[in-house]
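What follows is the residue order along each chain.
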Amino acid sequence: MAVVTDLSTPAPLRGPAAQPVATPALGRAGGPAATPTRGRAGAVAAGVAAMVFVGGSVAVSGVLATAPMLTAEAVRYAVACLILMLLARATGQRLVMPRGTEWLWLSGVALTGLVLFNIALVQGSRHAEPAVLGVAVACVPPLLAVLGPLADRARPGRSGLAAALVVTCGAALVTGVGRTDAAGVGWAAVVCGCDLAFTLLAMPVLGRHGPWGVPVHTTWIAAVLFATAGLVREGPAAVFRLRPEDWLAVGYLAVITAAAFVLWYWTVGRLGAGRAGLLGGVAPIAAAAIGVLLGGPVPRPLVWAGVAVVLGGLALGLRARPHRGPATSAQPTRDTETVR
């Protein structure tokens, strides 16, 4: 990963905000070469919150099972983008238009991490129990522990990989191993790959766009893709077939999406993809806990054992000394961008 200095001022999105975003220098796996303890604790808290939001959205997503899915997702991401833009303007965050190959990276995030991911979840649920798809998502931490550093031409740390494997085993205990068929296994693999791409494809553009710009652009791109597919498959009148409970679910998911995306990409920018990926083990725990609050059964002892394993893996990975990548330049400002 090379640092390229561009002396031109990026074109703002709907006019520049009051202050530019101060983005931390990107080191190994898209994260800083060294993160102060206090900053690391804040990044961990933000990542945990993001995964809690993700886990909590599982039950709400089930409401849309009988709704026009493509149209509902288009509305969801359009509303999420609007929320993000309003909050960015209110907090003085500077949003810039993509340029050059940034369009490819951002479109890749939207296509794989948002559009194809949600389609795979819906299609996979018809062939596999939710637990199977949950295990597929739980496989992401060890993959990020390896591919995150490799994407930045650094060697994966043994302690990080070990911790990721522990987190994955714990998450598998929490979700269990459900019934499926060959198609279900295939869709589970797609879910895993899309969840991985959601983080890795964003790394080259986090330096310039930051944790606000990446979600803004990927959500509006996803909204356009879903709307186009919805018009073709479900027709222009599909939006009128959304029931009141569908609209409530879409609104809730839009808010959760906006919050989770900003928190997650901020965490990746601070910790790097490998270490941030460990926090993915929190999502199934949150889903199980929120399920109980919504009236579901109390988890069995095996689930509690899985929770303990996940927490142990997180402690191992987050306390491990991060591997230092190649030296980076000074903290980039609005005139410096990080690209591959």
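Here the structure is shown first, and the text comes after it.
Note that this is a predicted model, so its numbers are computed, not measured. Throughout, residues of each chain are indexed from 1 in the direction in which the sequence is written. Restriction of local features to residues with pLDDT of at least 70 applies here, the model being predicted, together with a cutoff of 80 or more for giving and counting side-chain atom pairs; totals for whole chains, interfaces and linings are based on all residues. To obtain the side-chain values, all non-hydrogen atoms of the structure were included, while hydrogens and water were left out.

Novice: Describe the overall build of the protein, with residues and values.
Specialist: Helix and strand counts for the protein stand at twelve helices and two strands. When the helices and strands of the protein are placed in sequence order, the string is β-α-α-α-α-α-α-α-α-α-α-α-α-β. Categorising residues by exposure relies on relative accessible area from a 1.4 Å probe, with only protein chains included: less than 20% of the type maximum marks a residue as buried, more than 50% marks it as exposed, and the intermediate range marks it as partly exposed. The proportion of buried residues among the 340 residues of the protein is 48%. Note on contacts: a residue pair is in contact if any heavy atoms of the two residues lie within 4.5 Å. Taking all contacts inside the protein whose residues are at least 6 apart in sequence as the whole, residues at least 24 apart take part in 92%. For the protein, the accessible area works out to roughly 15,400 Å², and carbon and sulfur atoms hold 69% of it. Secondary structure follows DSSP: runs of H or I at least 4 residues long count as helices, runs of E at least 2 residues long count as strands, and numbering of each begins at the N terminus. Each accessible area value is a Shrake-Rupley result obtained with a 1.4 Å probe; residue values ignore everything except the protein chains displayed when judging cover.

Novice: Let's hear about the pattern of salt bridges: which residues, and what values?
Specialist: In the sections that follow, a salt bridge refers to a side-chain nitrogen of Lys or Arg positioned within 4 Å of a carboxyl oxygen of Asp or Glu. With the rule as written, the count across this model stands at four salt bridges. Between Glu73 and Arg76 there is a salt bridge, with its nearest N and O atoms 3.1 Å apart. Highlighted residues: Glu73 and Arg76, both in helix α2 (residues 69-90), separated by three residues, approximately one helical turn. The same class applies to Glu73 as to Arg76, namely buried. A salt bridge links Arg243 to Glu245; the nearest nitrogen and oxygen atoms lie 3.6 Å apart. For Arg243, a relative accessible area of 31% gives the class partly exposed. Glu245 gets classed as partly exposed once you look at its relative accessible area, which sits at 37%. Within the structure, one salt-bridge network assembled from shared partners comprises Arg243, Glu245 and Asp246.

Novice: Could you give an account of the packing of aromatic side chains, with specific residues and numbers?
Specialist: Stacked, edge-to-face and tilted labels apply to pairs of Phe, Tyr and Trp rings (six-membered ring for Trp) whose centres lie within 6.5 Å, assigned for plane angles under 30 degrees, over 60, and everything in between, in that order. According to the stated counting rule, one finds four aromatic pairs in the structure shown. Considering the side-chain rings of Tyr77 and Phe226, the 5.9 Å spacing of their centres and the 5° angle between planes classify their relative orientation as stacked. Here Tyr77, found in helix α2, pairs with Phe226, found in helix α8 (residues 203-233); they are 149 residues apart in sequence, far enough to count as distant. Per residue, the accessibility class of Tyr77 equals that of Phe226, and both read buried. When the centroid spacing of 5.1 Å and the interplanar angle of 50° are considered together, the rings of Phe198 and Phe261 count as tilted. One end of the pair, Phe198, is in helix α7 (residues 182-200); the other, Phe261, is in helix α9 (residues 244-271), and 63 residues separate them in sequence. Neither residue differs from the other here; Phe198 and Phe261 are each classed as buried. The structure contains a cluster of three or more aromatic residues connected by ring pairs, namely Phe198, Phe261 and Tyr265.

Novice: Lay out a nonpolar patch on the surface with the relevant residues and their values.
Specialist: There is a patch of nonpolar side chains on the surface, built from Trp103, Trp220 and Val224 and spanning about 250 Å² of accessible area. Assignment of secondary structure puts Val224 in helix α8. Under the relative-accessibility criterion, Val224 is labelled partly exposed at 43%. Surface patches are drawn from residues lacking salt bridges whose relative accessible area is over 30%; two like charges belong together within 9 Å, two nonpolar side chains (Val, Leu, Ile, Met, Phe, Trp, Tyr) within 5 Å.

Novice: Now, about the environment of Val63: what can you tell me, with residues and values included?
Specialist: Structurally, the position occupied by Val63 is in the loop between α1 (37-61) and α2. For Val63, a relative accessible area of 33% corresponds to the partly exposed category.

Novice: Could you give an account of α8, with specific residues and numbers?
Specialist: One less than the number of residues in a helix, times 1.5 Å, gives the span that helix is expected to have. The terminal C-alpha atoms of α8 lie 33 Å apart, and with 31 residues this falls more than 12% below the ideal 45 Å at 1.5 Å per residue. In α8, a bend of some 110° at His209 exceeds every other bend along the element, and Pro211, a proline, comes one to four places later. Of all 31 residues making up α8, 22 are buried, and the element is well covered by its neighbours. Among the residues trailing α8, Gly235 stands out with phi positive, at a value near 90°. Bend angle per residue: angle between axes fitted to the 7 residues ending at that residue and the 7 residues starting there.

Novice: So what's going on with the packing of α8 against α9? Which residues, and what values?
Specialist: Packing of α8 against α9 brings their axes to within 9 Å, and their N-to-C directions diverge by 155°. Between α8 and α9, the interaxial angle falls into the category roughly antiparallel. Classified by chirality, the crossing of α9 by α8 is right-handed. Two secondary-structure elements touch here, α8 through Leu206, Pro211, Trp212, Val214, Pro215 and Thr219 and α9 through Phe261, Val262, Tyr265, Trp266, Val268 and Gly269. Charged means Asp, Glu, Lys or Arg here, nonpolar means Ala, Val, Leu, Ile, Met, Phe, Trp, Tyr, Cys or Pro, and polar covers whatever is left, Gly included. Of the residues belonging to the contact of α8 with α9, the class tally is ten nonpolar, two polar and no charged. The convention used is that axes are lines fitted to C-alpha atoms, helices contributing only their stretch in contact, and that angles between N-to-C directions extend from 0 to 180 degrees. Angles are sorted into four bins: roughly parallel if under 35 degrees, roughly antiparallel if over 145, roughly perpendicular if 65 to 115, and oblique for all others. By the definition used in this description, the sense in which the near helix is turned from the far one sets the handedness, with an anticlockwise turn below a right angle giving left-handed and a clockwise turn giving right-handed.

Novice: Give me the nonpolar core: which residues, what numbers.
Specialist: By nonpolar core is meant a set of buried Ala, Val, Leu, Ile, Met, Phe, Trp, Tyr and Cys residues that side-chain atoms within 4.5 Å join together. Core analysis: the biggest nonpolar cluster contains 30 residues, and Tyr77, Phe198, Val214, Phe226, Trp264 and Tyr265 have the highest contact counts within it. Within the residue set of this core, elements represented by two or more residues are α1, α2, α3 (102-125), α8 and α9. Top element by residues in this core is α8. It accounts for seven residues. Non-local contacts of Trp264, meaning those with residues more than four positions away in its chain, are made with Ala50, Met51, Phe198, Thr199, Ala276, Gly277 and Leu279. Of all hydrophobic cores here, the second largest spans nine residues; its members include Leu64, Ala67, Val75 and Val250.

Novice: Describe the environment of Gly113, with residues and values.
Specialist: With respect to the secondary-structure elements, Gly113 resides in helix α3. Look at Gly113 and you get buried, because its relative accessible area is 9%. Along the chain, Gly113 and Phe198 lie 85 residues apart, while their C-alpha atoms are 4.3 Å from each other. Setting aside residues no more than four positions away along its own chain, Gly113 makes contact with Gly108, Cys194 and Phe198.

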